[in-house]
Amino acid sequence: MSAPTAARVRRRARRILVSLVGLVAAAVWAFPVYWMVLSALTPNARLRSATPSFWPTHPTWHNITSVVSGPSFGPALRMSLAVTGVTVVAVLVFAFLAALAISRYRFAGRRSFVLAVLFIQMLPAEGLFIAQYKMLSSTGALNSVIGISVLYTASVVPFTVWMLRGFVAGVPVELEEAAMVDGLSRFQAFLRITLPLLAPGLVASGVYAFLQAWNEFTVALVALPSESAQTLPLWLRSFLAASVNRGVNWAEVMAASALLAVPVIVFFLFVQNRMTSGLVSGAVKG
Amino acid sequence: MTDTLVRQTSRPTTRPAAPARRRTALPYVLLLPAVGVLLLGLGYPVYWQVVTSLQEYGLAQQFGQPPTFVGLDNYARIFTAESLWAVVVRSVLFCLVNAFLTVGVGVGFALLMRAVGRVVRVVIQVSLLLAWATPMVASVTVWRWLFDWRTGVVNWLLVQVGFDGYAGHNWLAQPLSFFFVATVIIVWMSVPFVALSVFAGLTQVPDEVLEAARIDGANGRQTLRHILLPMIRPVLAIVLLLQIIWDLRVFAQIRLLQDSGAPVSDTNLLGNFIFELGIGRQDFAGAAAVSIFVLLLTIALSWPYVRSLMREQA
């Protein structure tokens, strides 16, 4: 065998090895999600056996239907939908107006506002939740949709302002002005030209707000202490806690987890590009 | 992946728009709702915490007596207690271990994605996205199931490999193995963001540079050390900083793992400490003092990150 061929064989072997390592790493990282879905579709008796089975042998919807028809799922789902809905709408309106202000106008205090927004988005909920709890409890807003929605909106608005600012800046004003020259009013020009161009940004921001509100646990823990006002993450926690003492029904717990996770995973795959680029675009460019 | 935003932000001509020069109150009106909700949801709580941390806030005050101003007494009381420092040390250690481990594994994934072919790369990306997308509470729940002492997969696997002692081993009962499980969960959740960001950074390294290195006879390791890593240093720095900031505030994962009967006082991190002090023991003044400490620490740590973002925008 001549020397170049030997080198090629070696390179090829290396490439296969690297691919194998990559596949194993991918499998390890995806396994918990796979295990969640698999366990949700497996009868609990099967999960209790000494040797786990890693393939769906007797798939069943029983766990899912039993969780969904339980007494606490409906109220928790409604609560989550209400809180998420209010938060998404409020965040979109507030953040959009603010993004418009900072990317289309120069005004005194603009720089300080941007600086404040960037710092505020870093503040941890854990450093504020005691005060937020006291604020809600003294105004009687504990366990209410509106109370927690205000807290969620305040914590999501900063990042969405930052995200939308890039989108608004990407739409040239000249386009709007050209439409106005052609006889549209300023409002019409905005509605017909600018808004459609901003649609991807608004969708991405909306999904981001949805993910934050839907998944949130920490603030909900202090703001919604009542069992009847739980959102889905709190509900999942009590669902598991309720069965800890009498031998956990992991099949149903995994069904509950999957019910919480699957819509989120779908939305996430849709929005993640925007999120990564928003967080590190400055660094990548630098 | 990053092109869209980079393109948008690096076009200064469109930003300070033509009508901007006119003096108008309109931008302030546009900012009003956002500023209003921020003041209500975050501003007032911060103000309340500053005031409360400087006051006596005991049972009498709970029942309506006007609070008395006590200066820095609460800070002195809390920060001379040994219990707080144990928590601070534990939190900082936990944070650093998790942050560096996450960035290390994340960089490993990014380099791996660069080395493999297109198909394998997509497979890796999808599995990272799955881990990233799973809601935190669901993730912790799955991992509690994986580490379940009776029928969990981890114990089963360890026994299969020959560690018979792990049959029925309860990971969450001891502080050290409790934090091991917490680290596994947090690294698993956080690696995707690091890996995808660093990979995005790696794709920006120009091919000519790499080709020049190859022609000059640099091998893989030399290219990595002298070309790739220096060129992605800005991304690495930001990602590490964000991980440190995020891992310092870990609260929910610990809280959820404690549900399985872990020794609470030995496994509390800063957030859990505040929660217990405030909600549990109703010591609002003390909790406010620790919260202010956490907020100041976060602002100090965030400074370089915010500055790098401002540089891009201003």
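Residues numbered from 1 in each chain as written. Chains lettered and ligands numbered in written order. Predicted model: local features only at pLDDT ≥ 70, side-chain atom pairs only at ≥ 80, totals over all residues.

**A short note on the overall build of chain A**
Along the backbone of chain A there are 12 helices and 0 strands. Going residue by residue from the N terminus, the α and β elements of chain A occur as α-α-α-α-α-α-α-α-α-α-α-α. Each principal axis of the C-alpha atoms in chain A carries an extent, and together these give about 80 × 70 × 40 Å. Contacts in chain A between residues at least 24 apart in sequence constitute 77% of all its contacts with a sequence separation of at least 6. (Helix = DSSP H or I, 4+ residues; strand = E, 2+ residues; numbered from the N terminus. Contact = placed C-beta atoms within 7 Å.)

**So, the interface of chain B and chain A**
Counting residues at the interface gives 96 residues for chain B and 92 residues for chain A. Across the side of chain B that touches chain A, the residue classes break down as 67 nonpolar, 24 polar and 5 charged. (Nonpolar A, V, L, I, M, F, W, Y, C, P; charged D, E, K, R; others polar.)

**Some thoughts on the packing of helix 7 (residues 145–170) of chain A against helix 2 (residues 26–53) of chain B**
Running from N to C, helix 7 of chain A and helix 2 of chain B cross one another at 130°; their axes reach a closest spacing of 8 Å. Taken together, helix 7 of chain A and helix 2 of chain B sit at an angle that is classed as oblique. In terms of crossing hand, the pair formed by helix 7 of chain A and helix 2 of chain B is left-handed. Contacts between helix 7 of chain A and helix 2 of chain B involve Val 150, Leu 151, Thr 153, Ala 154, Ser 155, Val 157 and Val 161 of chain A from the first element and Ala 34, Val 37, Leu 38, Leu 40, Gly 41 and Leu 42 of chain B from the second. (Axes fitted to C-alpha atoms, helices over the stretch in contact; angles between N-to-C directions. Parallel < 35°, antiparallel > 145°, perpendicular 65-115°, else oblique. Left-handed = near helix turned anticlockwise from the far one by under 90°.)

**Considerations on the environment of Phe 54 of chain A**
All names here are of chain A. Position of Phe 54 among the secondary structure elements: in the loop between helix 2 (44–47) and helix 3 (62–68). By the C-beta count within 10 Å, which is 11 here, Phe 54 ends up exposed. For the pair formed by Phe 54 and Trp 35, sequence separation is 19 residues and the distance between their alpha carbons is 8.0 Å. (Buried ≥ 20, exposed ≤ 12 C-beta atoms within 10 Å, placed from the backbone.)

**Some details on the packing of helix 4 (residues 73–104) of chain A against helix 2 of chain B**
For any two helices packed against each other, the geometry is given by the interaxial angle and the distance between the axes. Interhelical geometry of helix 4 of chain A versus helix 2 of chain B gives an angle of 140° and a closest axis separation of 8 Å. Here helix 4 of chain A lies oblique to helix 2 of chain B, going by the angle between them. Pair helix 4 of chain A / helix 2 of chain B crosses with left-handed handedness. Of the residues in helix 2 of chain B, those touching helix 4 of chain A at Val 93, Phe 94, Ala 95, Leu 97, Ala 98, Leu 100 and Ala 101 of chain A are Pro 27, Leu 30, Leu 31, Pro 33, Ala 34 and Val 37 of chain B. Among the residues forming the contact of helix 4 of chain A with helix 2 of chain B, the class breakdown is 13 nonpolar, no polar and no charged.

**Notes on the domain arrangement of chain A**
You can read the domains of chain A as domain 1 (3–63) and domain 2 (71–243). The gap between the C-alpha centroids of domain 1 of chain A and domain 2 of chain A is 38 Å. (Domains from an automatic or database assignment.)

**A few points about the environment of Leu 81 of chain A**
By the secondary structure assignment, Leu 81 of chain A is in helix 4. Judged by C-beta crowding, with 14 C-beta atoms within 10 Å, Leu 81 of chain A ranks as partly exposed.

**Description of the nonpolar core**
Residues Ala 95, Ala 98 and Val 157 of chain A together with Val 198 of chain B are the most contacted members of the largest nonpolar core, which totals 173 residues. With 16 residues, helix 9 (residues 175–203) of chain B is the largest single contributor of residues to this core. Apart from residues lying up to four places away in sequence, Val 157 of chain A is in contact with Val 91, Phe 94 and Ala 95 of chain A together with Ala 34, Val 37 and Leu 38 of chain B. (Core = buried A, V, L, I, M, F, W, Y, C linked by C-beta atoms within 7 Å.)

**Thoughts on unusual backbone geometry**
In this model, Asn 143 of chain A sits at a positive phi of 65°, which is unusual for a non-glycine residue. Within the fold, Asn 143 of chain A resides in the loop between helix 6 (129–138) and helix 7. The class for Asn 143 of chain A is partly exposed, based on 18 C-beta atoms found within 10 Å. Backbone geometry at Gln 282 of chain B places phi at a positive 55°, although glycine is not the residue there. In this fold, Gln 282 of chain B is placed in the loop between helix 15 (270–280) and helix 16 (284–313). The exposure class of Gln 282 of chain B is partly exposed, given the 13 C-beta atoms found within 10 Å.

**Describing the environment of Val 262 of chain A**
Looking at the secondary structure, you find Val 262 of chain A in helix 12 (residues 250–285). Between the alpha carbons of Val 262 of chain A and Gly 170 of chain A there is a distance of 33 Å; along the sequence they are 92 residues apart.

**Quick word on helix 6 (residues 118–133) of chain B**
Counted at 1.5 Å a residue, the expected span for helix 6 of chain B with its 16 residues is 22 Å, and the 22 Å between its end C-alpha atoms agrees. Within helix 6 of chain B, the full set of buried residues consists of Val 120, Ile 124, Ser 127, Leu 128, Leu 130, Ala 131, Trp 132 and Ala 133 of chain B. (Expected span 1.5 Å × (residues − 1).)

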